[in-house]
Amino acid sequence: MFKDNSQLNPKIKNIFFAAFLLSLHVALTAYVNSSLLSLTLSERSVGLLFTLGAAVAVIALLFIPQILRRFGGYNFLIWSVGLNALSLLLLATVENKWIIIPVFIFYETLVYVITFLLDELLQIFSKNHAMGKIRGLYIACYSVAWVVAQIFSGKVLHDFPFSAIYFISFAIMSIFFLTSFFFLRNLPEPKYDRAPLLGSLQRYFRNKNLSRAYKINFILQFFYAFMVIYTPIYLSTHLLFTWSQIGTIFAIMLTPFVFLPFPLGKYSDIVGERSMLMWGFFIASLATLSLFFITQHSVWIWALALFCTRLGAATIEIMSDTYFFKHITKEEDEFIGIYRNTAPVAYILAPLLALAIFAYSPAFNYIYLVLGALMLYGVYIASTIRRADL
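A short tour of the structure in this document, coming up.

## Structural notes on the environment of I246
Item 1. Mapped onto the elements, I246 comes out in helix α9 (residues 243–253).
Item 2. Put simply, I246 and W302 are 56 residues apart on the chain and 9.4 Å apart in space, counted from C-alpha to C-alpha.
Item 3. Leaving out residues up to four positions away in the same chain, I246 has contacts with P232, L235, S236 and F241.

## Some details on the packing of helix α8 (residues 208–238) against helix α15 (residues 342–360)
Item 1. At their nearest, the axes of α8 and α15 sit 8 Å apart, and the two run at 55° to each other. Taken together, α8 and α15 sit at an angle that is classed as oblique. Between α8 and α15 lies a crossing whose hand is right-handed. Here Y214, N217, F218, Q221, F222, Y224, A225, F226, V228, I229 and Y230 of α8 come into contact with α15, specifically with T342, A343, V345, A346, Y347, L349, A350, P351, L353, A354, I357 and F358.
Item 2. Of the residues that constitute the contact of α8 with α15, the class distribution is 20 nonpolar, three polar and no charged.

## Section: a nonpolar patch on the surface
Item 1. On the surface, W79, L83, L86, L90 and F106 cluster together to form a nonpolar patch covering roughly 490 Å² of accessible area.
Item 2. When residues of the nonpolar patch are assigned to their parent elements, the largest contribution, four residues, is made by helix α3 (residues 73–93).
Item 3. With respect to the helices and strands, L83 occurs in helix α3.

## Overview of helix α13 (residues 299–325)
Given 3.6 residues per helical turn, the α-helix brings residues three or four places apart onto the same face.
Item 1. Between its first and last C-alpha, α13 extends 38 Å over 27 residues, near the 39 Å set by a 1.5 Å rise per residue.
Item 2. Counting buried positions over the 27 residues of α13 gives 22, a clear majority of the element.

## Observations regarding the pattern of salt bridges
Item 1. Going through the model one piece at a time under the given rule, you end up with three salt bridges.
Item 2. A salt bridge links K326 to E273, with the shortest nitrogen-to-oxygen separation between them at 2.9 Å. With K326 in the loop between α13 and α14 (333–340) and E273 in the loop between α11 (261–271) and α12 (274–291), the pair connects residues that are 53 residues apart, well separated along the chain.
Item 3. Close ionic contact of R340 with D321 constitutes a salt bridge, the shortest N to O distance being 3.2 Å.

## Remarks on the packing of α3 against helix α6 (residues 162–183)
Item 1. The N-to-C vectors of α3 and α6 enclose an angle of 165°; their axes lie 8 Å apart at closest approach. Taken together, α3 and α6 sit at an angle that is classed as roughly antiparallel. Between α3 and α6 lies a crossing whose hand is left-handed. Contacts between α3 and α6 involve Y74, L77, I78, V81, G82, N84, A85, L88, L89, L91, A92 and T93 from the former and S163, Y166, F167, S169, F170, M173, F176, F177, S180 and F181 from the latter.
Item 2. Split into classes, the residues belonging to the contact of α3 with α6 amount to 16 nonpolar, six polar and no charged.

Calculation notes
- Residues numbered from 1 in each chain as written.
- Predicted model: local features only at pLDDT ≥ 70, side-chain atom pairs only at ≥ 80, totals over all residues.
- Heavy atoms only, no water.
- Helix = DSSP H or I, 4+ residues; strand = E, 2+ residues; numbered from the N terminus.
- Contact = heavy atoms within 4.5 Å.
- Axes fitted to C-alpha atoms, helices over the stretch in contact; angles between N-to-C directions.
- Parallel < 35°, antiparallel > 145°, perpendicular 65-115°, else oblique.
- Left-handed = near helix turned anticlockwise from the far one by under 90°.
- Nonpolar A, V, L, I, M, F, W, Y, C, P; charged D, E, K, R; others polar.
- Patch = residues over 30% accessible without salt bridge, like charges linked within 9 Å, V, L, I, M, F, W, Y side chains within 5 Å.
- Areas by Shrake-Rupley, 256 points an atom, 1.4 Å probe, with all protein chains shown as cover.
- Salt bridge = Lys/Arg side-chain N within 4 Å of Asp/Glu carboxyl O.
- Expected span 1.5 Å × (residues − 1).
- Buried < 20%, exposed > 50% of the residue type's maximum accessible area, 1.4 Å probe, protein only.

No statement about biological role is implied by the geometric values presented.
As C-alpha cells, this is what we get:
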C-alpha cells in the first residue's frame, strides 16, 4: 500500500486503531445524543445545548497548545480519554437533567480534544508527499466504525433504552484508554511553537491556503452539525421511522466514507484537491436539496438520498484534510487546533440558524433547502484554489 517503508511506522497502526475506537463510540452516540436530550429538553433547547457545548470546545481547542507544552501529548491524551470514559458512564446512569447538561458539555468538549490529539500524533509520523494516502486511510479506518455503529445501535435501541448505548461506549473508551496506555507511550514530542494565541490566529488567517482550508472545512462541519442534530429527530419524530430502520438508513448512508477516502487521497497526491472539492460540494448540495422533496416513509429512498449526500461529504472531507495538512509542519500544533475549531464553531452556529428557520418556515424540512444552498457556496470557495496553492 505504501512503497516507502518509512511510512509504515508501527505507531501509525496504533493511531489508526485508536481512531477506530474513538470513532466507534462517537458514532454510537452521535445520532442518539439529540434524541436522548430531547427526553428532558425541547427540540429547540437541545440545539442550544449543543451550541453551549461547542462554545466550550472552541475555547478548549484554542488553549490546547499551551497544555501540550506543559504536560506533553501522551499525558494529556491519557487524561482526556479517561475522563471521557467517566463522562459516558455518568450519561448512562444519571437521569437528573441538571447533572446531564454539564456532563454532556464536558463529554462533547473531550471528543473534540481527543480528535485533535490523534490528529497531532498522526501528523508527527506522516510524510508530506504521501499525506493524501495516509489521511485517506485514517478517514477510512474511523469511517468503518461509523458504519458498524449504525447497524449495531439500531439493533440495540430496538430492545434496550438509550442508556445501553452509553454503557457500550464507556466499554469502548475503556479499551481506548488501555490501548493508549500500553501502545502509544514513548511517542516523540515535537518542539511546539510558543506563539501567543492572538499571534497564531493572525498567522493562520493571513495564510491564504490555511484560511481557505478553514472555510471549506467549516462548511462541511456545518453540514454535519445540521445532519447529526436534526436528521435523527426528523426521521424518528416527523416521518415515524423506527430506530432499527434509522440504523439501516445511516449504515448505508455512511458507506462512502469507507471506500472513497483512500483512493481519493492517493489521487490528490498526484493532481491536487481543487476539482474534487468542487465536485464534492456540488454533489452534496444537490443531494441535500433533494431531501426537502422526500416525504415518503421509505427506508430505501431515504438511504439512497442520504448516501448521495455523503458521496459529496466524503470527497470534501479527505480533500479538505489533505489540503490543510500539506500546508503545515508537525510543530504547528496550534494551527491544527484552529482548523479543528470549525466543528465546534459549526455546532454553535447551526442550531442558532435552525432556530431562525423553525421560526419563519412552515415545516421542519426547510432546513434542507438552506443547507443545500450553503453547500453550493463551497463550490465557489474550492474554485479559488490555484495550481500554485497545491
